[in-house]
Amino acid sequence: MIPDQTRLAMTALTDLLGDRLSTGPSVLAIHGRDEAYSTPALPDAVAFPQDTAEVSAIMKICHQYNVPVVPFGIGTSLEGHVIPTHGGISIDTSRMTQILAIHESDLDAVVQPGVTRVALNTALRATGLMFTVDPGADATLGGMAATRASGTNTVRYGTMRDNVLALEVVLPDGTIIETGSRARKSSAGYDLTHLFVGSEGTLGIITKLTLRLFGQPEAISAATCAFPTVDDAVNTVILAIQSGIPMARIELLDDVQMKGMNLFNPDLNLPETPHLFLEFHGTSAGVKEQVDMFKSIATDFGVSDFQWASAAEDRNRLWQARHNAYYAAKALRPGCDGLVTDCCVPISALAECIAQTKDRIAASGLIAPILGHVGDGNFHLVVLVDPNAPDEIARAKALAADINHLALSFGGTISGEHGVGIGKKPYMAKEHGAAYALMSALKRAVDPKNIMNPGKIVD
Amino acid sequence: MHPTTEAELAQIIQDARAPLQITGGDTHRFGPAHGAALSTGGLDQISIYEPGALTLVAGAGTPLAQIEQMIAAEGQCLAFEPAHWGGILGRSGAPTLGGIIAGNISGPRRVIAGAARDCALGVRFVDGTGRILKNGGRVMKNVTGYDLVKLLAGSRGQLGVITEVALKLLPRPETTASLILRGLDVGQAIAAMSAALGTAFEVSAAAYLPDAGEVALRVEGFEASVVYRAQELRDLLGKTYADIDLIDDTASQDLWRGIRDVRPLMGLDGDLWRISVKPSDGIAVAAALKGAPYLMDWGGGLIWAVLPAGHDLRPALNGIDGHASLLRADDATFNALGALPPQNAVLAELTRGIAQKFDPKGLFQPQKAA
């Protein structure tokens, strides 16, 4: 049943948007779920605005009728962020895909929120510049900012937090604001840009982003290498970073994950022991120096089986394999689903946290490969479950909960990169204490009617 | 008031009924003097330093120098290169960690390593009701809700009193070198800095000293890499710029300490302004300064200028994306012009709404001088 207020809003929205307000069952279904495990829920309608003015007009209508609004990029979130749990209007930004400006001398780009990270990098190809944040999915930049996304090269270039310079945001009442400016340092008032980055659509809709760009490195070298134990791999990483090697990527894959990688792609044919996937960026001489230093550190920890890739094609193959890690994990148990965890701990606690995690996986009787952005202390489990076995799902959820509490006990966090959405809300009070109430108060200050993605992050 | 524990500080705030002036090392005041002083100087313990994890946790009142000395002994540094503003602001005292984070005070390396804000992994703070709160921690990434760390960093104490900060550290560069390009006007200087920052040679600072007509460009890192990159950069820029010198590690460190602390403008009478723009607008700002002494850092994105006392610079900058803050002036000028530029009505309303949640009693909000 669609509430009366929503019906009135939909009539007004149809006047505004014509057939760009959709109630088609397949369109509703696409906007009712994300890529992971949260229970789907349908919006009442999906709006496809083309510009900021339309987003503002949509918000004004929804504000007038108290209708919930959920911003939607491309639907690759992992904690149910885009699921309209309270119904209402899903605002899909997929028609806002203009790259508005690339300022080569200021090292920034201005884009609409529906531009994907790959599309931006394609447009940058001729400039010698690059946008660095690379989550597994080819997500939209608006969605990536809203969820404060990160990727495999965060250790060197930072997350969305570090790479969003300014935003244009439509507030819940339809007002359009600009936070920050293309000036590098925003000192006029609070850092509102970073309040909206990671706010998961609960404070407003991002309609324009100014993003930081980096010069493409002169030389890039990538490698995989094997270690006897996870401890050895982690200790190598710690020492490498501490020695000042400016690693661009350092990814850990445990023995179980490596088995999945080989099953998924037999050509890979790597030893099934813990691995690091690495990448070095710099000048030609600098990369060689970094590689030599890294090798000398890793040798002390029993490294073997270095496989190098310098040509772009070979490197892409290597990183494609890493980006396919989720599917590789699922190859360990065909027909299963993967429940992905996302904790992050101080890097000094990482080896111990992973060791205890492995004990708990063993105790659960489940298969759960581990992969991590170890330079950041962030690691994931892909807990493999039979979607038709309620008992297994319950055990997997219990294991995930266990890992979250373990991370908190090490002074860590329940989410290093996937966010809160619906899935992580139950842990927020434990992680934040009294500050969680302050977050709720902040939400009410910006969105007193609680129409912006209600039910996410805070109540 | 000089509390020595967080609980004591929280009690003072709980009991407070009138605006407070929060102080750290007293090197810098955000606007004019007002209200009873509440010092964080007693919260000066370094509670955790893990060189292996590149993290440090310390009380807000910890002198910056003490932290820098401790981490330097382990070959580490604060990537954002915190500035020491006491000298240029004509004040004594030594900067503290809390003041640096509350003011988001970052030096030349900001162009490549991010701001103070970006190095703050976690904060503990006391809000305007006396609640002790924390956000973030010692982890490098955290996406659990609103980023209060970033909101507090740079909020100038208006949302709460920061009591403790967890910092991300970086290995200290083994060596540095700088190129000095001579005989450049401001247009040439900005072109040279942009070109250098856009190369693959990882230029970690780019400044322009207009009086000398000099652009300084820094590279840092391992010895061999620094030698190589400095040479490559020199060869590249040599195609356009005739007069280029290379200075070594010691001279380079001196030079950048001076630029960091705005020493080239020290001893000049007048008000001190700090202007943030996008680098390509630096030329327009220089024109608007009409001959007033200035210094450019961050590739042209940060401009320090000394103007005649009481002169309002902001109208001359109208139409340029960015903003001008007043850092050193007499109380009458602060009252008349405001330390920060006025915000538009919508942002001001949003800001007020947020501040109200943190500080309902208005203890930390900007005041005019009596």
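Caption draft 1: Fine view of the overall build of chain A. A tally of regular secondary structure across chain A gives 17 helices and 19 strands. Taken over C-alpha atoms, the radius of gyration comes to 22 Å for chain A, in line with the 23 Å a tight globule of 459 residues would show. Taken over the C-alpha atoms alone, chain A extends approximately 70 × 55 × 45 Å along its principal axes. Within chain A, the proportion of its 459 residues that are buried is 62%. For chain A, the accessible area works out to roughly 15500 Å², and carbon and sulfur atoms hold 53% of it. Looking at chain A, you have 35 positive and 49 negative side-chain charges, and the mean spots of the two groups are 3 Å apart.

Caption draft 2: Examining the domain arrangement of chain B more closely. All names here are of chain B. By domain assignment, chain B separates into domain 1 (6–171), domain 2 (175–260) and domain 3 (263–337). In this complex, domain 1 contributes 13 residues to the contact, which on the side of domain 3 involves 13 residues. For the pairing of domain 1 and domain 3, the buried interface totals around 1100 Å² over both sides, and the portion due to carbon and sulfur atoms is 69%. Taken together, domain 1 and domain 3 are joined by zero salt bridges.

Caption draft 3: Quick look at the side chain of Arg117 of chain A. In this fold, Arg117 of chain A is placed in helix H4 (residues 117–124). Buried charge without a salt bridge: Arg117 of chain A, with Asp138 of chain A as the nearest opposite-charge side chain at an N-O distance of 4.5 Å.

Caption draft 4: Spotlight on the environment of Met296 of chain B. Assignment of secondary structure puts Met296 of chain B in strand S15 (residues 294–297). Between the alpha carbons of Met296 of chain B and His28 of chain B there is a distance of 21 Å; along the sequence they are 268 residues apart.

Caption draft 5: Looking closely at the domain arrangement of chain A. All names here are of chain A. Domain parsing of chain A yields domain 1 (4–92), domain 2 (99–215), domain 3 (219–327) and domain 4 (333–419). Computed over C-alpha atoms, the centres of domain 2 and domain 3 are 29 Å apart. Opposite the nine residues of domain 2 that make contact, domain 3 presents nine residues. Here domain 2 meets domain 3 over a buried area of about 780 Å², counting both sides, of which 52% is carbon and sulfur. When the buried area of domain 2 at its contact with domain 3 is split by residue, Thr152, Val155 and Arg156 rank highest and sum to 65% of it. Connecting domain 2 to domain 3 are one salt bridge. In this structure, Arg249 and Asp134 form a salt bridge, with 2.9 Å as the shortest nitrogen-oxygen distance. At the boundary of domain 2 and domain 3, one finds five residue pairs in polar contact (both at pLDDT 80 or more).

Caption draft 6: Fine view of the interface of chain B and chain A. Listed per partner, the contact involves 72 residues of chain B and 85 residues of chain A. Three residues stand out in chain B for area buried against chain A, namely Lys141, Val143 and Tyr146 of chain B, and they jointly supply 15% of the buried area on that side. The interface formed by chain B and chain A holds five salt bridges in total. As a salt-bridge pair, Asp147 of chain B and Arg161 of chain A come within 3.5 Å of each other at their nearest N and O atoms. At the boundary of chain B with chain A, the tally comes to 19 residue pairs in polar contact (both at pLDDT 80 or more).

Cut-offs used in this document
- Residues numbered from 1 in each chain as written.
- Chains lettered and ligands numbered in written order.
- Predicted model: local features only at pLDDT ≥ 70, side-chain atom pairs only at ≥ 80, totals over all residues.
- Heavy atoms only, no water.
- Helix = DSSP H or I, 4+ residues; strand = E, 2+ residues; numbered from the N terminus.
- Rg over C-alpha atoms; globule rule 2.2 N^0.38 Å.
- Buried < 20%, exposed > 50% of the residue type's maximum accessible area, 1.4 Å probe, protein only.
- Areas by Shrake-Rupley, 256 points an atom, 1.4 Å probe, with all protein chains shown as cover.
- Lys, Arg positive; Asp, Glu negative; His and termini not counted.
- Charge placed at Lys NZ, Arg CZ, Asp CG, Glu CD.
- Domains from an automatic or database assignment.
- Contact = heavy atoms within 4.5 Å.
- Buried area = accessible area lost by both parts, 1.4 Å probe.
- Salt bridge = Lys/Arg side-chain N within 4 Å of Asp/Glu carboxyl O.
- Polar contact = N/O pair within 3.5 Å; in protein donor to acceptor, adjacent residues only side chain to side chain.

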